[in-house]
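Listed below, chain by chain, are the residues.
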Amino acid sequence: EVEREISFRTECGLYYSYYKQMLQAPTLMQGFHGLIYDNKTESMRTINLLQRMNIYQEVFLSILYRVLPIQKYIEPVYFYIYTLFGLQAMYVTALYITSWLLSGTWLSGLLAAFWYVTNRIDTTRVEFTIPLRENWALPFFAIQIAAITYFLRPNLQPLSQRLTLLAIFISTFLFSLTWQFNQFMMLMQALVLFILDSLDMLPAVKVTWLYGIQLTGLFLVCILQFFNSMILGSLLISFNLSVLIARKLQKILNLKSDEHIFKFLKAKFGFGATRDFDANLYLCEEAFGLLPFNTFERLSDTLLFYAYIFVLSITVIAALAVAFHNLSDSTNQQSMYKTGEYRIGLKPETAYNLIHTILFGFLALSTMRMKYLWTSHMCVFASFGLCSPEIWELLLKLIHLYNPKRICIMRYSVPILILLYLCYKFWPGMMDELSELREFYDPDTVELMNWIKKAVFAGSMQLLAGVKLCTGRTLTNHPHYEDNSLRERTKAVYQIYAKRAPEEVHALLRSFGTDYVILEDSICYERRHRRGCRLRDLLDIANGHMMDGPGKNDPDLKLAGHPRFCEEIKRNLPPYTAYFTRVFQNKTFHVYKLSRNK
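These numbers were taken from a predicted model, which means no experiment stands behind them. (Residues numbered from 1 in each chain as written. Predicted model: local features only at pLDDT ≥ 70, side-chain atom pairs only at ≥ 80, totals over all residues. Heavy atoms only, no water.)

**Notes on the overall build of the chain**
Stage number 1. A tally of regular secondary structure across the chain gives 31 helices and five strands.
Stage number 2. Buried positions account for 56% of the 598 residues belonging to the chain.
Stage number 3. With an accessible surface of roughly 26,900 Å², the chain has 62% of that area assigned to carbon and sulfur atoms. (Helix = DSSP H or I, 4+ residues; strand = E, 2+ residues; numbered from the N terminus. Buried < 20%, exposed > 50% of the residue type's maximum accessible area, 1.4 Å probe, protein only. Areas by Shrake-Rupley, 256 points an atom, 1.4 Å probe, with all protein chains shown as cover.)

Structure representation (structure tokens):
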């Protein structure tokens, strides 16, 4: 069981630990009380986990497991995993439906689903980070996009429109409830609606409904999360209220929960260098860097990228033509919309998906972690275009080869040929991959978890999430970084990898009630990142100290007055043994007990 649990790395283990905690509680009410008044996740602090983190899905799943008669047939961990994999099936189904709605043929949906699977390295990471919040949220986001695509169709029956609005509301609410970054994704969605509304490409009444649903869903989540300040002060609420009221309201709150995100964005896009520890922690992670070029090589190998650029180019040309026409002759445009005569395939639902894919494309290009929002929609958009009669009609007219029969031939033959190519090239490999059975192997971490007793532990965020899951012990810090005081606490704990005096480190750790500190050689002697991006370098810069090793330092950085703590403590010199006693050691970890009388 420990080996299973430590396979949930970093925040994945933290989130899963609350599912485990709810299952182990004597009653559901005691389980809820333990989440609302939690004093183990952050030592010497009692926090409301339902307010701080998006863990209602773990609560719901634990209740489901307790009340259903399935305990004899499936273990809790597999119930959790299979539920998430089931959600991914809903995800692919939503992509299938969206593509079908846009193109009018099921063949487009089949191609979208097949592209999603063959490009799974770039479309999802659920197979190795199962409990991540995005793996819960993105299926609902895909369902929402499918429902919006249908809602934007003209001449819907009143009953169909009401049911579609209900589907949009439920999926928006669940998406917002399951991911802390929902507000930033929906802000981009609101920008899509604003752009298309400004260009008279969408009916104003439907846009107003969608703004209202976003606000209502977010307010409901805010209530369930005990009026979380990060939601109350979100840019999405300010933006949507400004659009609805002024068709301008700017809401300003004194917030610090998400200020690290804005510091990161400021530094990332070149608005001045920063020595801020939190911003640099993000900047130096590959996942928050630019999208690597080899992503396009992989997407091209399945022909997805070529098809996407082809469809995007034609649709952008069509959009520019329609936008210019609408801005120059708005009266005629309105009559065109009412009669459903949007030419060259730029129906309202097509226009929405076009701007959606462009904005999320820019997001993915700037931040690799966000590529999963773009690449899945890329599958939908490319498959729609290849099966769309409007796209082929425009292209054949441009090259003077227009003929209704040719349109029919192209919209079916091209997708079928691509599907045959994908089956020939990738099917054997997928079958081999499905037949593989792998085992997680990390004996050093297993040994550490089995050793740990009742105490308060300090260490890296990633490791402590595993400690919480496997042992239930009290922590000083953890990977859920959306809290200003926790970020300050994490920076203080990380001084164990900086150049600080033993008495200073001891005082910092004891201020958080720490009994034991875990040092990791993989951090102390890190080589994975370049100089300037290693954790010890970030700490040196933040502390005003010169970095180790050959290379340049900023002129105002100074030599530290003490050696690096994580290296020097292993020499067992008197200044260190007076404060710290080594109680556990293996090839990877060193655990020291803090003296209490200093």
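**Observations concerning the UniProt feature "transmembrane region" (unreviewed entry) in the chain**
Stage number 1. Those residues carrying the UniProt feature "transmembrane region" (unreviewed entry) are residues 94–116, 136–152, 164–181, 187–205, 217–239, 305–328, 374–396 and 408–427 in this numbering.
Stage number 2. In residues 408–427, the share of helix is 100% and the share of strand is 0%. The end C-alpha atoms are 28 Å apart. (UniProt positions renumbered as here; feature names shortened; annotations may be inferred.)

**Points about the nonpolar core**
Stage number 1. In terms of nonpolar packing, the biggest core is built from 126 residues, with Trp115, Trp179, Met185, Leu373 and Leu386 touching the most fellow members.
Stage number 2. Ranked by residue count, the leading element in this core is helix H6 (residues 76–103), at eleven residues.
Stage number 3. Counting residues in each nonpolar core, the second largest holds 29 residues, with Ile523, Leu539, Tyr576 and Tyr592 among its members. (Core = buried A, V, L, I, M, F, W, Y, C linked by side-chain atoms within 4.5 Å.)

**Side note on the sheet that holds strand S5 (residues 589–594)**
Stage number 1. The five strands lie next to each other as S2-S1-S3-S5-S4, forming an open sheet whose pairing is mixed. Whereas interior strands pair on both sides, the edge strands pair on one side only; in this sheet they are strand S2 (474–475) and strand S4 (580–585).
Stage number 2. As judged from the five bridges shared by strand S3 (residues 516–520) and S5, these two strands associate in the antiparallel manner. Counterpart to Leu519 in the pairing with S5 is His590.
Stage number 3. Each of strand S1 (456–458), S3, S4 and S5 is contacted by helix H27 (residues 502–511), which is oriented at about 75 degrees to S4, the strand it contacts most. (Pairing = 2+ DSSP bridges. Contact = heavy atoms within 4.5 Å. Axes fitted to C-alpha atoms, helices over the stretch in contact; angles between N-to-C directions.)

**Remarks on the packing of helix H17 (residues 294–301) against helix H18 (residues 304–328)**
Packed helices, taken two at a time, are described by the angle their axes make and the gap between the axes.
Stage number 1. The interhelical angle for the contact between H17 and H18, taken along N-to-C directions, is 90 degrees, at an axis separation of 5 Å. With respect to H18, the axis of H17 lies roughly perpendicular. Residues Phe296, Leu299 and Ser300 of H17 touch H18, and the partners they reach there are Leu304, Phe305 and Tyr306.
Stage number 2. Partitioned by chemical class, the residues of the contact of H17 with H18 number five nonpolar, one polar and no charged. (Parallel < 35°, antiparallel > 145°, perpendicular 65-115°, else oblique. Nonpolar A, V, L, I, M, F, W, Y, C, P; charged D, E, K, R; others polar.)

**Focus on a nonpolar patch on the surface**
Stage number 1. Judged by side-chain polarity, Leu159, Leu163, Leu166 and Ile170 come together as a nonpolar surface patch covering roughly 380 Å² of accessible area.
Stage number 2. Judged by relative accessible area, which is 52%, Leu163 ranks as exposed. (Patch = residues over 30% accessible without salt bridge, like charges linked within 9 Å, V, L, I, M, F, W, Y side chains within 5 Å. Salt bridge = Lys/Arg side-chain N within 4 Å of Asp/Glu carboxyl O.)

**Some thoughts on the packing of aromatic side chains**
Stage number 1. Following the criterion strictly, the structure yields 28 aromatic pairs and no others.
Stage number 2. Each ring, one from Phe181 and one from Phe184, has its centre 6.2 Å from the other, and the planes form 50 degrees; the classification is tilted. An identical accessibility class is assigned to Phe181 and Phe184; each is buried.
Stage number 3. Consider the rings of Trp451 and Tyr516, whose centres lie 5.9 Å apart with planes at 90 degrees: the pair is edge-to-face. (Phe/Tyr/Trp six-rings, centres within 6.5 Å; stacked < 30°, edge-to-face > 60°.)

**A few points about unusual backbone geometry**
Stage number 1. In this model, Thr10 sits at a positive phi of 45 degrees, which is unusual for a non-glycine residue.
Stage number 2. Assignment of secondary structure puts Thr10 in the loop between helix H1 (2–6) and helix H2 (11–24).

**Notes on the side chain of Thr105**
Stage number 1. Relative to the assigned elements, Thr105 resides in the loop between H6 and helix H7 (106–118).
Stage number 2. Look at Thr105 and you get buried, because its relative accessible area is 5%.
Stage number 3. Among the polar contacts listed, one links the side chain of Thr105 to the backbone nitrogen of Leu107, at a separation of 3.2 Å.
Stage number 4. Setting aside residues no more than four positions away along its own chain, Thr105 makes contact with Trp100, Cys387, Arg411 and Tyr412. (Polar contact = N/O pair within 3.5 Å; in protein donor to acceptor, adjacent residues only side chain to side chain.)

**Looking at the pairing of S3**
Stage number 1. Extensive coverage of S3 is indicated by the burial of five of its five residues.
Stage number 2. Burial along S3 is two-sided: Tyr516, Ile518 and Glu520 facing one way and Val517 and Leu519 facing the other are all buried.
Stage number 3. Pairing between S1 and S3: two bridges, direction parallel. Pairing of Ala458 across the sheet is with Val517, part of S3.

**With respect to the state of the cysteines**
Stage number 1. A complete count under the given rule lists one disulfide for this structure.
Stage number 2. For Cys524, the disulfide goes to Cys566, at an S-S distance of 2.0 Å. Across the S-S bond linking Cys524 and Cys566, the dihedral sits near 80 degrees, which makes this disulfide right-handed. Of this pair, Cys524 sits in helix H28 (residues 521–524) while Cys566 sits in helix H30 (residues 565–568), and the two are 42 residues apart along the sequence. Each member of the pair, Cys524 together with Cys566, is buried. (Disulfide = S-S within 2.5 Å.)

**Observations regarding the pattern of salt bridges**
It is possible for side chains bearing opposite charge to pair when their charged atoms get close.
Stage number 1. Scanning the entire structure with this criterion turns up 26 salt bridges.
Stage number 2. One salt bridge in this structure joins Arg9 and Asp442, with 2.7 Å as the shortest N-O distance.
Stage number 3. Arg9 sits in the partly exposed class, given a relative accessible area of 40%.
Stage number 4. With relative accessibility at 17%, the residue Asp442 sits in the buried group.
Stage number 5. As a salt-bridge pair, Arg564 and Asp548 come within 2.7 Å of each other at their nearest N and O atoms.

**Overview of the packing of helix H11 (residues 182–198) against helix H20 (residues 348–366)**
Stage number 1. The N-to-C vectors of H11 and H20 enclose an angle of 135 degrees; their axes lie 9 Å apart at closest approach. In terms of axis orientation, H11 runs oblique to H20. For the element pair H11 and H20, the recorded crossing hand is right-handed. Contacts from Met185, Met188, Gln189, Leu191, Val192, Leu193, Ile195 and Leu196 in H11 reach Ala351, Tyr352, Ile355, His356, Leu359, Phe360 and Leu363 in H20. (Left-handed = near helix turned anticlockwise from the far one by under 90°.)

**A word on the environment of Thr93**
Stage number 1. Looking at the element boundaries, Thr93 is found in helix H6.
Stage number 2. Judged by relative accessible area, which is 41%, Thr93 ranks as partly exposed.
Stage number 3. A distance of 2.8 Å separates the side chain of Thr93 from the backbone oxygen of Ala89, its partner in a polar contact.

**What to know about helix H21 (residues 371–387)**
Stage number 1. Here H21 spans 24 Å end to end across 17 residues, near enough to the 24 Å set by a 1.5 Å rise per residue.
Stage number 2. With 17 of 17 residues buried, H21 lies mostly within the body of the structure. (Expected span 1.5 Å × (residues − 1).)

**Structural notes on the environment of Gln462**
Stage number 1. Secondary-structure assignment places Gln462 in helix H25 (residues 461–471).
Stage number 2. Along the chain, Gln462 and Pro479 lie 17 residues apart, while their C-alpha atoms are 6.2 Å from each other.
Stage number 3. The contacts of Gln462, once residues within four sequence positions are left out, are Thr10, Pro479 and Tyr494.

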